[in-house]
Amino acid sequence: MKNQSSRLRSWTMQRNITIPQLFFKLYKELNILDDEALIIVHLLSFHEEGIDFPTPHDLTLRTHFTANDISMKMQRLMQKGLLEITQGVDGNGKLFEKFSLFPLWERIVGLLEEKELQQQVTTAKNEEGEIFSMFEQEFGRLLSPMELETIGMWLDHDHHSPEIIKAALKEAVLAGKVSLRYIDRILFEWKKKNITSVKQIEQHTEQFRSRQSVQPAQQIDRESAQNGLFYNWLEERE
């Protein structure tokens, strides 16, 4: 977040920020009133013109607000932590002040990150719900409290991703051994082999088939291998 804030501040200082579409989409959620949003738009316009510290009088020339109204609205924006007055030194060593909307951009970025996190949580919950439904479908019945707890442990304690658990269930179905014990052993093997994605599972299986394809036909069920119907991930059969 610190590096991101540094980039934002650099962009504002270099006049690389125009009125972003995100501002119009999000300013209501940021508790910015319509008249305050208009002041922000004008501040951005002045900024583009190289005027970083417009006076209330300057703003009255472009709006129907009085100077007193503008002062109050800008004060509200500063109280909300969306506008700040910063100081700098020009080329002649003279101290100057300017308005900065950096806090606004920072708030927008924070809101976007919050929305993204909420979306990730929602997606994760949906995926977890799908997992329980898939197990019930394959088992042909509702899961028992203990079975629900076991699957929950895979997610919360062992930190297996939903896609890995789904893949383990698929492997158990292909092997004709649809039981939580068998799936748990598969997950354990994958974790031991540092397998964390479906792509790695496919690569590992393909390597196995490549090694087996050079062996005599009686040592492997060629049709099963070619069709991907079965690969015993466990060193011992149940």
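Within every chain, residues take consecutive numbers counted from 1 along the sequence as written. Local features in this predicted model are restricted to residues whose pLDDT is 70 or higher, and side-chain atom pairs enter the listing and the counts only when it is 80 or higher, whereas totals over whole chains, interfaces and linings include all residues. The basis for every side-chain value is the complete set of non-hydrogen atoms in the structure, without hydrogens or water.

Asks: Hey, could you go over the pattern of salt bridges for me, with residue numbers and the actual values?
Replies: The term salt bridge refers to a side-chain nitrogen of Lys or Arg lying within 4 Å of a carboxyl oxygen of Asp or Glu. In this structure the tally under the stated criterion is ten salt bridges. Of the charged contacts, one joins Glu29 and Lys115 as a salt bridge, the two residues approaching to 3.1 Å between their closest N and O atoms. With Glu29 in the loop between α2 (21–26) and α3 (34–48) and Lys115 in helix α6 (residues 102–139), this pair connects stretches of sequence that are 86 residues apart. In this structure, the salt-bridge partner of Glu36 is Lys80, at a minimum N-O distance of 2.7 Å. Of the two residues, Glu36 is situated in helix α3 and Lys80 in the loop between α5 (67–79) and β1 (84–89); the sequence distance between them amounts to 44 residues. Per-residue accessibility, obtained with a 1.4 Å probe over protein chains only, is compared with the maximum for each type, and a residue is labelled buried under 20%, exposed over 50%, and partly exposed between these values. Its relative accessible area of 0% is what places Glu36 among the buried residues. A network of salt bridges, in which partner residues are shared, links Asp35, Glu36, Lys73, Arg76 and Lys80. Each helix is a run of DSSP H or I of at least 4 residues and each strand a run of E of at least 2, with the numbering of both proceeding from the N terminus.

Asks: So what's going on with the nonpolar core? Which residues, and what values?
Replies: By size, the foremost hydrophobic cluster in this structure holds 24 residues, and its most contacted members are Phe23, Ile32, Ile40, Met74, Leu101 and Leu104. Elements supplying a minimum of two residues to this core: α2, α3, α5 and α6. Here this core takes six residues from α3, the largest share from any one element. Any two residues whose heavy atoms approach within 4.5 Å at even a single point are treated as in contact. Look past the residues within four positions of Leu101 in its chain and what remains in contact with it is Ile40, Leu43, Leu44, Leu82 and Leu83. Core analysis: the second largest hydrophobic core is formed by 22 residues, Leu143, Trp154, Leu169 and Ile201 among them. Buried Ala, Val, Leu, Ile, Met, Phe, Trp, Tyr and Cys residues that are joined via side-chain atoms within 4.5 Å together make up what is termed a nonpolar core.

Asks: Outline the pairing of β1, supporting the account with residue identities and numerical values.
Replies: Whether two strands pair comes down to DSSP finding at least two bridges between them. Bridge analysis of β1 against strand β2 (residues 95–100) gives six bridges, and the strand direction is antiparallel. Counted as the bridge partner of Gln87 is Glu97 from β2. Between β1 and β2, which pair antiparallel and follow one another directly, the connecting turn spans five residues, one of which, Gly93, has a positive phi of 80°.

Asks: Which residues make up the packing of helix α8 (residues 162–175) against helix α9 (residues 180–192), and what values do they have?
Replies: In this analysis an axis means a line fitted to C-alpha atoms, helices contributing only their contacting stretch, and an angle means the value between N-to-C directions, from 0 to 180 degrees. Remark: α8 packs on α9, axes separated minimally by 9 Å, with the N-to-C direction vectors making an angle of 125°. Between α8 and α9, the crossing angle belongs to the class labelled oblique. Relative to α9, α8 is oriented so that their crossing is right-handed. In contact with Ile164, Ile165, Ala167, Ala168, Leu169, Glu171, Ala172 and Ala175 of α8, α9 contributes Tyr182, Ile183, Ile186, Leu187 and Trp190. Relative orientations are named as follows: roughly parallel for angles under 35 degrees, roughly antiparallel for angles over 145 degrees, roughly perpendicular for angles from 65 to 115 degrees, and oblique for any other angle. Each crossing gets its handedness from the near helix: less than a right angle anticlockwise from the far helix is left-handed, clockwise is right-handed.

Asks: Provide a residue-level description of the packing of α6 against helix α7 (residues 145–156), including the pertinent values.
Replies: The N-to-C vectors of α6 and α7 enclose an angle of 135°; their axes lie 11 Å apart at closest approach. Looking at the two axes, α6 sits oblique to α7. As for the relative orientation of α6 and α7, their crossing is right-handed in sense. The segment α6 lies against α7, with Glu128, Ile131, Phe132, Phe135 and Phe139 engaging Glu147, Leu148, Ile151, Gly152, Trp154 and Leu155. When its residues are assigned to classes, the contact of α6 with α7 shows eight nonpolar, one polar and two charged. Polarity classes work like this: nonpolar for Ala, Val, Leu, Ile, Met, Phe, Trp, Tyr, Cys and Pro, charged for Asp, Glu, Lys and Arg, and polar for all others, with Gly in that last group.

Asks: Give me α3: which residues, what numbers.
Replies: Look at α3: 21 Å from first C-alpha to last across 15 residues, which is about the 21 Å you get at 1.5 Å a residue. Considered for burial, the residues of α3 that qualify are Glu36, Ala37, Ile39, Ile40, His42, Leu43, Leu44, Phe46 and His47. A positive backbone phi angle near 90° is found at Gly50, which sits one or two residues after α3. Every helix has an expected span of 1.5 Å times one less than the residues it contains.

Asks: Account for the packing of aromatic side chains, with residues named and values stated.
Replies: To pair, rings of Phe, Tyr and Trp, with the six-membered ring standing in for Trp, must have centres within 6.5 Å; the planes then decide the type, stacked if under 30 degrees apart, edge-to-face if over 60, and tilted in the middle. Across all of its chains, the model carries five aromatic pairs by this definition. Considering the side-chain rings of Phe53 and Phe99, the 4.6 Å spacing of their centres and the 25° angle between planes classify their relative orientation as stacked. Here Phe99 lies in strand β2 and Phe53 lies in the loop between α3 and α4 (56–60), a separation of 46 residues in the sequence. Looking at Phe53, the relative accessible area reads 33%, which means it is partly exposed. Pairwise contacts between aromatic rings join Phe23, Phe24 and Tyr27 into one cluster. Positioned over the ring face of Phe46 is Arg62, at 3.9 Å from the centre of the ring. Think of it as a cone above the ring: NZ of Lys or CZ of Arg counts as a charge over the ring if it is within 6 Å of the ring centre and within 35 degrees of the ring normal. The cationic tip of Lys73 hangs over the ring face of Phe65; the distance from NZ or CZ to the ring centre is 4.7 Å.

Remember that the coordinates give geometry; whether it matters functionally is a separate question.
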